[in-house]
Structures are given as C-alpha cells and as structure tokens.
Amino acid sequence: TWRWLIGSEWIPETMRDALEQHEERCRIELAGDGLFVMVNDLTFEHTSDPAEVATLSAYATQRFVITVRKHPLRTADDLRSAVRSGLRVESGIDLLAKLFGLRMDALNELVEAINDEVDDIEDQVLRGRVTEQRELLGRLRRVCARLRRGFAPERTALQKLVARPQKPPGDEEA
C-alpha cells in the first residue's frame, strides 16, 4: 500500500513529499486537481486520553478522496461507518467536508464533556467540598492546552487558503 501510494500519479507531488518526509505540520492547500490537507484528529483507541491527537493526511478531488494515517482516528472511522451505512456524496471534496463536519462534532462532544466536569468541580467548591479539585482542574487545563496546540494551526492554514484567490479544486473552466 505504501509503495503504491508514494508511486501513484493520483496524488500530487506535494502530498508524496510530505508523506516521504513524515511531515506532520498542519497544511490545507490546493494541489493538483484537488485539496491536500494534513491536520490533526482525535485518536480512536478507547484506552487513550480522550484529547490525544494524531495526524491525518488526505487528498480529495471531484472523483475521490484518499486518507493516510499512522494510527486509528476517530473521525476517519466515523466517516467509514457512515459510508458503509449508506452515506452518499457528490464528490471527494464533499466527502472530505463531511469528514471535517464529523470531526467538529467529535470535538464539540469532548468540549461539552470538559465543560460538564468543570461545572461539577465548581458545584463541589461552592458546597465547600474542596479536596481534589485543584488536581482535576489542572488535568482539564492540560487537556484544553493539548487540544488548542493540536487544532489551532488549522485556523491559520484555512485563512491562508481562503486569502488566495484561486480556482476551486477540480474546476477546469475557471
């Protein structure tokens, strides 16, 4: 699979180079006839920290999407399940957009869980039960910091993509 991927003419040189160099910095850019993304996603292992992230690389065109990852990732697995359950899309770009939507849903669930934990800790403190709250708040703060480090670079990458006037991926006429 690896040899096929690196040798494939279906993916742009930009992606091949990034994969060969084991690059992991966030990128979202037009490449070839499609969109190349290298972003973080939540890992899928049930025993791991819920905020643990790993790199997801993808290349999408009007006709297909290819994803590459070293570890099982939650959003990629959610997308695979949705496709097996009958999800239909117009293009590979739409499928990539669905992947981003599923990832946003997963992040929202995680943030809501963290918010609920903070609310519980605040309630305990207001009731005068101050025992382990300092450690719990410190753990939650570290989780939030890891999430920010993992996902904040995408904002900059998206801003760079949007700031450049270019033809849409797969648009032959523009």
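Before any of the text, the structure's been laid out above.
Novice: An account of helix H4 (residues 92–126) is needed here, citing residue identities and associated values.
Specialist: When the terminal C-alpha atoms of H4 are compared, their 51 Å separation across 35 residues agrees well with the 51 Å that a helix rising 1.5 Å per residue should span. Of the residues making up H4, those classed as buried are Gly-92, Leu-95, Leu-96, Leu-99, Leu-102, Arg-103, Ala-106, Leu-107, Leu-110, Ile-114 and Ile-121. Contacts made by the buried residues of H4 are with strand E2 (34–42), strand E3 (53–60), strand E4 (65–69), helix H3 (74–84) and helix H5 (133–163). The backbone nitrogen of Ile-93 has a side-chain oxygen 3.3 Å away, supplied by the residue at the start of H4, namely Ser-91. Residue Gly-128 follows H4 closely and has a positive phi angle near 85 degrees.

Novice: An account of the packing of H3 against H4 is requested, with residue identities and associated values reported.
Specialist: Any two packed helices are characterised by the angle at which their axes cross and by the distance between the axes. One can describe the packing of H3 onto H4 by two numbers: an axis separation of 9 Å at closest approach and a directional angle of 125 degrees. By the criterion of interaxial angle, the relationship of H3 to H4 is oblique. The handedness of the crossing between H3 and H4 is right-handed. Residues Arg-74, Thr-75, Ala-76, Asp-78, Leu-79 and Val-83 of H3 form the contact with H4, whose participating residues are Leu-95, Lys-98, Leu-99, Leu-102, Arg-103, Ala-106 and Glu-109. Among the residues forming the contact of H3 with H4, the class breakdown is seven nonpolar, one polar and five charged.

Novice: How would you sum up H5? Please name residues and give values.
Specialist: Taking 1.5 Å per residue as the helical rise, H5 with its 31 residues ought to reach 45 Å, and the 44 Å between its terminal C-alpha atoms agrees with that figure. If you look at H5, its biggest bend is around 30 degrees, right at Arg-149, and the proline Pro-153 turns up within four residues after that. By the burial criterion, the buried members of H5 are Gln-133, Gly-138, Leu-140, Val-143, Leu-147, Gly-150, Phe-151, Glu-154, Ala-157 and Leu-161. Those residues of H5 that are buried are in contact with strand E1 (27–31), E2, E3 and H4.

Novice: Before we move on, could you go through the packing of aromatic side chains and cite the residues and values that matter?
Specialist: The description of an aromatic ring pair uses the distance of the two centres, along with the angle that the planes make with each other. Evaluated as defined, the whole model comprises two aromatic pairs. A centroid spacing of 5.2 Å and a plane angle of 40 degrees characterise the contact between Trp-10 and Phe-64, whose relative ring orientation is tilted. Placement of Trp-10 in the loop between helix H1 (2–7) and helix H2 (13–20) and of Phe-64 in the loop between E3 and E4 is noted, with a sequence separation of 54 residues between them. Under the relative-accessibility criterion, Trp-10 is labelled exposed at 52%. Grouping aromatic residues by their ring pairs yields a cluster made of Trp-10, Tyr-59 and Phe-64.

Basis of the calculations
- Residues numbered from 1 in each chain as written.
- Predicted model: local features only at pLDDT ≥ 70, side-chain atom pairs only at ≥ 80, totals over all residues.
- Heavy atoms only, no water.
- Helix = DSSP H or I, 4+ residues; strand = E, 2+ residues; numbered from the N terminus.
- Expected span 1.5 Å × (residues − 1).
- Buried < 20%, exposed > 50% of the residue type's maximum accessible area, 1.4 Å probe, protein only.
- Contact = heavy atoms within 4.5 Å.
- Polar contact = N/O pair within 3.5 Å; in protein donor to acceptor, adjacent residues only side chain to side chain.
- Axes fitted to C-alpha atoms, helices over the stretch in contact; angles between N-to-C directions.
- Parallel < 35°, antiparallel > 145°, perpendicular 65-115°, else oblique.
- Left-handed = near helix turned anticlockwise from the far one by under 90°.
- Nonpolar A, V, L, I, M, F, W, Y, C, P; charged D, E, K, R; others polar.
- Bend = angle between axes of the 7 residues up to and from the residue.
- Phe/Tyr/Trp six-rings, centres within 6.5 Å; stacked < 30°, edge-to-face > 60°.

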